[in-house]
Amino acid sequence: MSTPVDVQIWSDVQCPWCYIGKRKFEAAVDEFRGAGGEVSVTYRSFELAPDTPVDFDGTPADYLSDRKGISREQAQQMIDRVTSIAHAVGLEYRYDAIHQTNTVLAHELLHFAKDHGLQAELKERLLRAYFTEGRHIGRADELAALAAEVGLDETAARTALEHHTHLPAVKADMAQAVAYGIQGVPFYVLNDAYGISGAQEPSAFLAALRQAADGDGASTT
């Protein structure tokens, strides 16, 4: 494994499969690094539903039903299934407490955290806050408080959100996603040449990391 692998991950902080995929990818990275491989990870912005209001009036099942044009019962079945899969990788999804919201500010904050070397820490904190703790990640004050919890300056974070300092970076990520043809997340780009889509099993991620490190031709899974 001679080539360090740069991984760019397009995801949304209210995407249940992105959190599941994160755990599976981390398992692959641990094994890859254990064998001497080098990996760097950058999170990129992808808004699954940019038209969602900050304060959605309804439950996650209501939202999913409206969004996908399915019955509320079908939506609840989808939620129950993904909750079970999340549990299998050690995550607790509490859809009874989730605040469905707009995630653009959360993405802006992730770019703020990237500039201060704490993007990975904030990404994990936001996901746990949303899926497990019922925190409202669409509001600037709540986001600034979460930023402080991972060691970022709360006042500076709030100011960046109020002035939308990092909104151009969010838009640039979205434009790059369009250029790559990304239509769903999570989506992983390795060394700008290898694409892997979805919450794959650790073995699939590990194979992709090894392929990227060896430089054996581009592929997409």
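The coordinates are above.
Report on the accompanying structure.

About the thresholds
Residues numbered from 1 in each chain as written. Predicted model: local features only at pLDDT ≥ 70, side-chain atom pairs only at ≥ 80, totals over all residues. Heavy atoms only, no water. Helix = DSSP H or I, 4+ residues; strand = E, 2+ residues; numbered from the N terminus. Rg over C-alpha atoms; globule rule 2.2 N^0.38 Å. Buried < 20%, exposed > 50% of the residue type's maximum accessible area, 1.4 Å probe, protein only. Contact = heavy atoms within 4.5 Å. Areas by Shrake-Rupley, 256 points an atom, 1.4 Å probe, with all protein chains shown as cover. Phe/Tyr/Trp six-rings, centres within 6.5 Å; stacked < 30°, edge-to-face > 60°. Core = buried A, V, L, I, M, F, W, Y, C linked by side-chain atoms within 4.5 Å. Axes fitted to C-alpha atoms, helices over the stretch in contact; angles between N-to-C directions. Parallel < 35°, antiparallel > 145°, perpendicular 65-115°, else oblique. Left-handed = near helix turned anticlockwise from the far one by under 90°. Nonpolar A, V, L, I, M, F, W, Y, C, P; charged D, E, K, R; others polar. Salt bridge = Lys/Arg side-chain N within 4 Å of Asp/Glu carboxyl O. Arc of directions from axis to C-beta.

### Quick word on the overall build of the protein
Moving on, step 1. Scanning the protein from N- to C-terminus turns up nine helices and four strands.
Moving on, step 2. Along its sequence from the N terminus, the protein presents helices and strands in the succession β-α-β-α-α-α-α-α-α-α-β-β-α.
Moving on, step 3. Relative to its length of 221 residues, the protein is compact, with a C-alpha radius of gyration of 17 Å against a globular reference of 17 Å.
Moving on, step 4. The C-alpha extent of the protein, read off along each of the three principal axes, is 50 × 45 × 30 Å.
Moving on, step 5. Across the 221 residues that make up the protein, the buried fraction comes to 46%.
Moving on, step 6. Taking all contacts inside the protein whose residues are at least 6 apart in sequence as the whole, residues at least 24 apart take part in 71%.
Moving on, step 7. Accessible surface computed for the protein: about 10,200 Å², of which carbon and sulfur atoms make up 48%.

### Let's talk about the packing of aromatic side chains
Moving on, step 1. Per the counting criterion, the structure on display carries 11 aromatic pairs.
Moving on, step 2. Ring plane angle 20° and centroid distance 6.1 Å describe the contact between Tyr19 and Tyr93, whose orientation is recorded as stacked. Residue Tyr19 is found in helix 1 (residues 16-34), and its partner Tyr93 is found in the loop between helix 3 (72-88) and helix 4 (104-115); the two are separated by 74 residues along the sequence.
Moving on, step 3. Since its relative accessible area comes to 2%, Tyr19 is described here as buried.
Moving on, step 4. Tyr93 sits in the buried class, given a relative accessible area of 6%.
Moving on, step 5. Through pairs of rings, three or more aromatic residues link up here, namely Tyr19, Tyr93, Tyr95, Tyr130 and Phe131.

### Looking at the nonpolar core
If you look at soluble globular proteins, the nonpolar side chains tend to sit buried side by side.
Moving on, step 1. Core analysis: the largest hydrophobic core is formed by 35 residues, its most contacted members being Tyr93, Leu109, Leu126, Phe131, Ile137 and Leu143.
Moving on, step 2. Excluding residues that lie within four positions of it along the chain, Leu109 makes contacts with Leu122, Leu143, Ala147, Ala157 and Leu161.

### Things to note about the packing of helix 5 (residues 119-131) against helix 6 (residues 140-149)
The packing of two helices is summarised by the inter-axis angle and the distance between the axes.
Moving on, step 1. Closest axis-to-axis distance for the helix 5/helix 6 pair is 10 Å, and the angle between their directions is 130°. Considered as vectors, helix 5 and helix 6 are oriented oblique to each other. Considering only the axes of helix 5 and helix 6, their crossing is right-handed. Within the contact between the two elements, helix 5 uses Leu122, Arg125, Leu126 and Ala129 and helix 6 uses Leu143, Leu146, Ala147 and Glu149.
Moving on, step 2. A per-class count over the contact of helix 5 with helix 6 returns six nonpolar, no polar and two charged.

### Describing the environment of Ala120
Moving on, step 1. In this structure, Ala120 sits in helix 5.
Moving on, step 2. Spatially, the C-alpha atom of Ala120 lies 26 Å from that of Asp214, the residues being 94 residues apart in sequence.

### A few points about the pattern of salt bridges
Moving on, step 1. Applying the stated criterion to the full structure yields 19 salt bridges.
Moving on, step 2. For Arg67, the salt bridge is made with Asp51, and the minimal N-O distance between the two is 2.9 Å. Of this pair, Arg67 sits in helix 2 (residues 60-68) while Asp51 sits in the loop between strand 2 (39-45) and helix 2, and the two are 16 residues apart along the sequence.
Moving on, step 3. Residue Arg67 is classed as partly exposed on the basis of its relative accessible area of 42%.
Moving on, step 4. One salt-bridge network, held together by shared partners, links Arg125, Arg128, Glu133, Arg135, Glu142 and Glu149.

### Observations concerning helix 6
Because an α-helix completes one turn every 3.6 residues, residues spaced three or four positions apart along the sequence face the same direction.
Moving on, step 1. Listed as buried for helix 6 are Leu143, Ala144, Leu146 and Ala147. One face of helix 6 carries all of its buried residues, which in axial projection span an arc of 160°.
Moving on, step 2. Residues of helix 6 that are buried make contact with helix 4, helix 5 and helix 7 (154-162).
Moving on, step 3. Positive backbone phi, at 100°, marks Gly151, one or two positions downstream of helix 6.

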